[in-house]
Structure formats: structure tokens, C-alpha cells
Amino acid sequence: AVVGEDMVVKAFQRIVAGLHNKDSHIPYRDSKLTRILKEGLGGRAVCVPVVHVGLDSYEETEAMLLLAQKLAELSSRVAPSLINFRREIEERSQRIADLCARTGKREGITAGEVELGLASSPQLLELRDLLAEKECFEREQQEWDDLLSLTARFKADGGASAAAARRDRKMRPEPRVHVIEDDEDEGHVPPARPTPGAAGAPRGQGGVQDTGGAERG
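**What about the overall build of the protein?**
- Regarding its fold elements, the protein presents 7 helices and 0 strands.
- Helices and strands in the protein line up, N terminus first, as α-α-α-α-α-α-α.
- Counting over 217 residues, the protein shows a buried share of 18%.
- At a minimum sequence separation of 6, the contacts of the protein that also span at least 24 residues come to 48%.
- In the structure as shown, the protein presents an accessible area of about 18000 Å², 53% of it carried by carbon and sulfur atoms.

In C-alpha cells, the structure reads:
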């Protein structure tokens with residue numbers, strides 16, 4: 001992608017410039033890539049940038065190296081991610097109900113059902129983002145509840161249920177004994193193979209046939 005023309009790269013450049021200048025507002029929502037990198041660039045996750053430069057384009061290589069230099073100068077204090085899922089879900093649910101009333105959307109809509117276009121309003125975009133975040137928090141809350149339930153069960157029986165589950169998951173090897181079934185007709189005798197040189201033996205099978213001729217000199 002051309003650095004000066006690609007909209008995603010421009011959005012990423014604005015993010016890096018805002019972080020470098022320590023602006024109060026960082027436009028992470030300008031592109032999907034910057035929304036994904038929000039946690040890493042904001043200091044809540046580890047972000048390792050890898051810059052690929054091309055020797056056949058001097059302008060793009062120079063621009064990417066300058067961008068990488070600004071990105072390398074950024075420093076942030078990593079904060080622990082302590083999330084109260086229920087509080088986050090309640091806060092987003094209140095805002096989602098307000099946005100549904102303003103945009104005319106029904107309550108209980110999912111993020112996948114919100115259709116966005118070039119003329120979509122900022123409120124509709126915010127609604128879609130909040131629904132996606134709420135659904136993500138709900139999945140993580142369910143996984144955490146399941147983990148707590150399994151932990152409590154493990155402590156209650158001393159790990160016996162977990163050990164039994166591991167034994168059940170082990171694949172039992174199949175026996176390598178081949179059982180030969182008997183013929184239904186006990187008096188059935190398999191046909192005898194023709195002996196080499198016998199009458200009626202097909203050519204090319206059962207050995208060399210005697211032609212009866214003398215040995216050729």
C-alpha cells in the first residue's frame with residue numbers, strides 16, 4: 001500500500017502522531033486496524049511493530065522508517081487489566097438502550113444485525129461498537145463462571161472428577177488381532193490350484209510348460 005494514499009496508514013499515522021504529542025483525544029476509531037491496536041498502543045497489551053521496507057521505492061521506504069522511528073519513541077506505562085464484567089455489561093446496556101431509542105433500533109439487537117454504510121450516523125457506529133463489546137464481555141463472563149464452577153467442583157471432590165474425565169478422554173488402542181470368519185458351509189473345500197505343466201493351466205501362470213521339443217542348439 002502506498003503510504004501517502006492508503007486511508008488505513010493515514011489513520012495509523014494520526015494515532016502515532018497523537019500519542020507522540022500526548023494529545024487528550026486519540027482517534028482510535030478512524031479505522032478497523034487502529035481499533036484493533038488500541039489496547040497495544042494504549043499500554044494495556046504488548047505491541048511489537050514489524051516494518052517491511054522495499055528497496056524499489058525510496059519514498060515509501062523513507063516514510064515507513066520515519067513512522068517506525070516515531071513509534072519506537074513512544075513509551076507508556078502498562079496497566080493491569082482488572083475488569084469487572086458485570087459492571088461493564090451494565091454500563092454498556094444502559095448506553096445501548098439510549099442509542100436504540102434514538103436510532104429506532106429494537107432492544108435485544110446484536111452487533112451483527114447492525115448494518116453500516118457510508119452515510120451511517122456516529123450514533124449507529126457507536127451502537128454497533130457497544131454491542132460488540134457487550135457480547136465479548138458476556139462471553140468472557142460465561143467462560144469465567146464456568147471456570148469457577150469447575151474449580152469449586154475440583155476442590156470439593158479432591159480432583160476425582162477431573163481424573164475420571166481425563167481417563168475417559170484417553171483413546172483406547174484397537175486390538176490388532178484379525179479374526180478370520182469360518183465359511184458358512186463347513187463341507188466347502190477351496191478349489192485346488194493348477195500344478196505347473198498340467199493341462200488347462202493358463203499360459204504365463206503356474207510355471208513353465210513343457211513343449212516336448214528338443215533343446216535348441
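Read on for the rest.
**Some remarks on the confidence of the model for the protein**
- For the protein, the mean per-residue pLDDT works out to 75, and 69% of the residues sit at or above 70.
- Averaged over each element, pLDDT in the protein is lowest for helix 7 (residues 160-169) (64) and highest for helix 5 (residues 85-103) (89).
- Every residue in residues 205-210 is under pLDDT 50, and counting partners more than four places away or in other chains gives 7 contacts.
- Considering only residues more than four positions removed or in separate chains, one finds that residues 213-217, a stretch of pLDDT under 50, has 0 contacts.

**Regarding the nonpolar core**
- Core analysis: the biggest nonpolar cluster contains 10 residues, these being Ile96, Leu99, Cys100, Ile109, Ala111, Val114, Leu124, Leu127, Leu130 and Leu131.
- Contributions of two or more residues to this core are made by helix 5 and helix 6 (122-157).
- In terms of residues, this core owes the most to one element, helix 6, which gives 4 residues.
- Val114 has contacts with Ile109, Leu124, Arg128 and Leu131, leaving out every residue within four places of it along the chain.
- One finds Phe12, Ile26, Leu41 and Leu67 within the second-largest nonpolar core, a separate group that totals 8 residues.

**What to know about the environment of His25**
- Mapped onto the fold, His25 is located in the loop between helix 1 (7-21) and helix 2 (32-36).
- In sequence terms His25 and Ile15 are 10 residues apart; their C-alpha atoms lie 9.6 Å from each other.

**Structural notes on helix 6**
- Look at helix 6: 53 Å from first C-alpha to last across 36 residues, which is about the 52 Å you get at 1.5 Å a residue.
- Every buried residue of helix 6 is accounted for by Leu124, Leu127, Asp129, Leu130, Leu131, Phe137 and Gln141.
- On its buried face, helix 6 is in contact with helix 2 and helix 5.
- Immediately beyond the C-terminal end of helix 6, within one or two residues, lies Gly158, with a positive phi of roughly 70 degrees.

**Comments concerning the packing of helix 5 against helix 6**
- Helix 6 packs onto helix 5 with a crossing angle of 150 degrees between their chain directions and a minimal axis gap of 9 Å. By the angle class used here, helix 5 and helix 6 are roughly antiparallel. As for how helix 5 packs across helix 6, the hand of that crossing is left-handed.
- In terms of residue class, the contact of helix 5 with helix 6 is made up of 10 nonpolar, 4 polar and 11 charged.

**Concerning the layout of surface pockets**
- Estimates place the volume of the largest pocket at around 640 Å³.
- In terms of lining, the largest pocket is formed by 18 residues, of which the most central are Lys38, Glu39, Arg92, Glu133 and Phe137.
- For the lining of the largest pocket, the secondary structure elements donating two or more residues are helix 2, helix 3 (38-42), helix 5 and helix 6.
- Per-element tally for the lining of the largest pocket: the top contributor is helix 6, with 7 residues.
- In terms of residue class, the lining of the largest pocket is built from 6 nonpolar, 1 polar and 11 charged.

**Quick notes on the environment of Leu67**
- Structurally, the position occupied by Leu67 is in helix 4 (residues 58-72).
- Sequence separation of Leu67 and Phe12 is 55 residues, and the distance between their C-alpha atoms is 9.3 Å.
- Not counting chain neighbours up to four residues away, the residues in contact with Leu67 comprise Phe12, Gln13 and Val16.

**Focus: unusual backbone geometry**
- Positive phi values are uncommon outside glycine, yet Lys22 reaches one of about 55 degrees.
- Under the relative-accessibility criterion, Lys22 is labelled exposed at 75%.

So, how was this worked out
- Residues numbered from 1 in each chain as written.
- Predicted model: local features only at pLDDT ≥ 70, side-chain atom pairs only at ≥ 80, totals over all residues.
- Heavy atoms only, no water.
- Helix = DSSP H or I, 4+ residues; strand = E, 2+ residues; numbered from the N terminus.
- Buried < 20%, exposed > 50% of the residue type's maximum accessible area, 1.4 Å probe, protein only.
- Contact = heavy atoms within 4.5 Å.
- Areas by Shrake-Rupley, 256 points an atom, 1.4 Å probe, with all protein chains shown as cover.
- pLDDT = per-residue confidence, 0-100.
- Core = buried A, V, L, I, M, F, W, Y, C linked by side-chain atoms within 4.5 Å.
- Expected span 1.5 Å × (residues − 1).
- Axes fitted to C-alpha atoms, helices over the stretch in contact; angles between N-to-C directions.
- Parallel < 35°, antiparallel > 145°, perpendicular 65-115°, else oblique.
- Left-handed = near helix turned anticlockwise from the far one by under 90°.
- Nonpolar A, V, L, I, M, F, W, Y, C, P; charged D, E, K, R; others polar.
- 1 Å grid on protein atoms, 1.4 Å probe; cavity = no way out; pocket = protein on both sides within 12 Å on 5 of 7 lines; lining within 4 Å.
- Points joined across faces, edges and corners; volume = space filled by probe spheres on them.

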